[in-house]
Amino acid sequence: MRILGIDPGMTVGVAVLDTDARTCTYSTQTTDDDLLDAIKFEGGSRGWVGAIVAELWINYGRPPGQGSRLAIGQAYWLQREHGAHMLSRPDVIRILGMGGSVGKAAVWGEVVRMLGSDQRGKLCPRRGRKGHTVTGREGLASWSGSDPNCPACNGTGYEREPGPLAHVKGHARDALALAVAWAIRSGELIDKP
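All residue numbers refer to position in the chain's written sequence, counted from 1. At least 70 in pLDDT is required for a residue's local features to be given in this predicted model, at least 80 for side-chain atom pairs to be given and counted, and no such filter applies to totals for whole chains, interfaces and linings, which use all residues. Just so you know, side-chain values use all the structure's heavy atoms and leave hydrogens and water out.

## Re helix α4 (residues 104-115)
Each α-helix winds once per 3.6 residues, and so residues spaced three or four apart point in a common direction.
Piece 1. Numbering of helices and strands starts at the N terminus; helices are DSSP runs of H or I of at least 4 residues and strands are runs of E of at least 2. For a helix, the expected span equals 1.5 Å multiplied by the number of residues minus one. Relative to the 16 Å expected for 12 residues at 1.5 Å per residue, α4 spans 16 Å between its end C-alpha atoms, a close match to the ideal helical length.
Piece 2. Restricting attention to buried positions, one finds in α4 the residues V107, W108, E110, V111, V112, M114 and L115.
Piece 3. Elements in contact with the buried residues of α4: β2 (11-18), α3 (89-95) and α6 (171-186).
Piece 4. G116 lies just past α4 and shows a positive phi near 130 degrees. Remark: exposure states derive from per-residue accessible area (1.4 Å probe, protein chains only) relative to the maximum for the residue type, with buried under 20%, exposed over 50%, and partly exposed in between. We call two residues in contact when some of their heavy atoms are within 4.5 Å.

Okay, here's the thing in structure tokens:
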């Protein structure tokens, strides 16, 4: 099942979790003006996305500012128009098995523990050398364009491959955490031992 997680606000985080492959297939940050386009691109509730999850804003005794009012409006619009499921930040923390007042870094650490590394890859140190890139007929056989005989990268172009969550940045991390928490609560995703 594919779950579209949305973190509303001035900068909107969007992430798609594929529970069968246990990975994030798409992530981006967008503005309020482009939120509708992001939902249409992902198919919305009637497309290939099985569920939409949005963050529910909680007051905590402070008056809402402009960004908070925007997030509240976006979340309720998503719920009314697209059938989005709502989860608050404390719900996400509780579902992921953490307690107390934890920050975004701890929540992201739990998502990384469940889905895989978020480390950036290390490019091959030999990639700038003249003989590293294969050209001509040999280049057509090598899809990466790198020398398949390179001892450092074996033709991949990376000395160390990037993790499966390396492309998830900023507010998209919060959106992915929402999708993971909803998938666990609904039984679509089982935590790794």
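From this point on, the discussion continues.
## A look at the pairing of strand β3 (residues 23-31)
Piece 1. Note on pairing: two strands pair once DSSP finds at least 2 bridges between them. As judged from the eight bridges shared by β2 and β3, these two strands associate in the antiparallel manner. Its bridge partner lying in β3, V14 is registered against T28.
Piece 2. The turn linking β2 back onto β3 is made up of four residues, and R22 within it adopts a positive phi angle of 55 degrees.

## Digging into the nonpolar core
Piece 1. Working definition of a nonpolar core: buried Ala, Val, Leu, Ile, Met, Phe, Trp, Tyr and Cys residues. They are joined through side-chain atoms within 4.5 Å. Judged by nonpolar contacts, the single largest core of 30 residues is most densely connected at V111, L165, L176 and V180.
Piece 2. Put simply, the parts of the chain that give this core at least two residues each are β2, β4 (51-55), α3, α4 and α6.
Piece 3. For this core, the element with the highest residue contribution is α6, accounting for 10 residues.
Piece 4. Discounting residues that sit within four places of it in the chain, V111 has contacts with L96, G116, L165, L176, A177 and V180.
Piece 5. Counting residues in each nonpolar core, the second largest holds 12 residues, with V12, V14, V49 and A54 among its members.

Interpretation note: all reported values are geometric properties and have no functional meaning in isolation.
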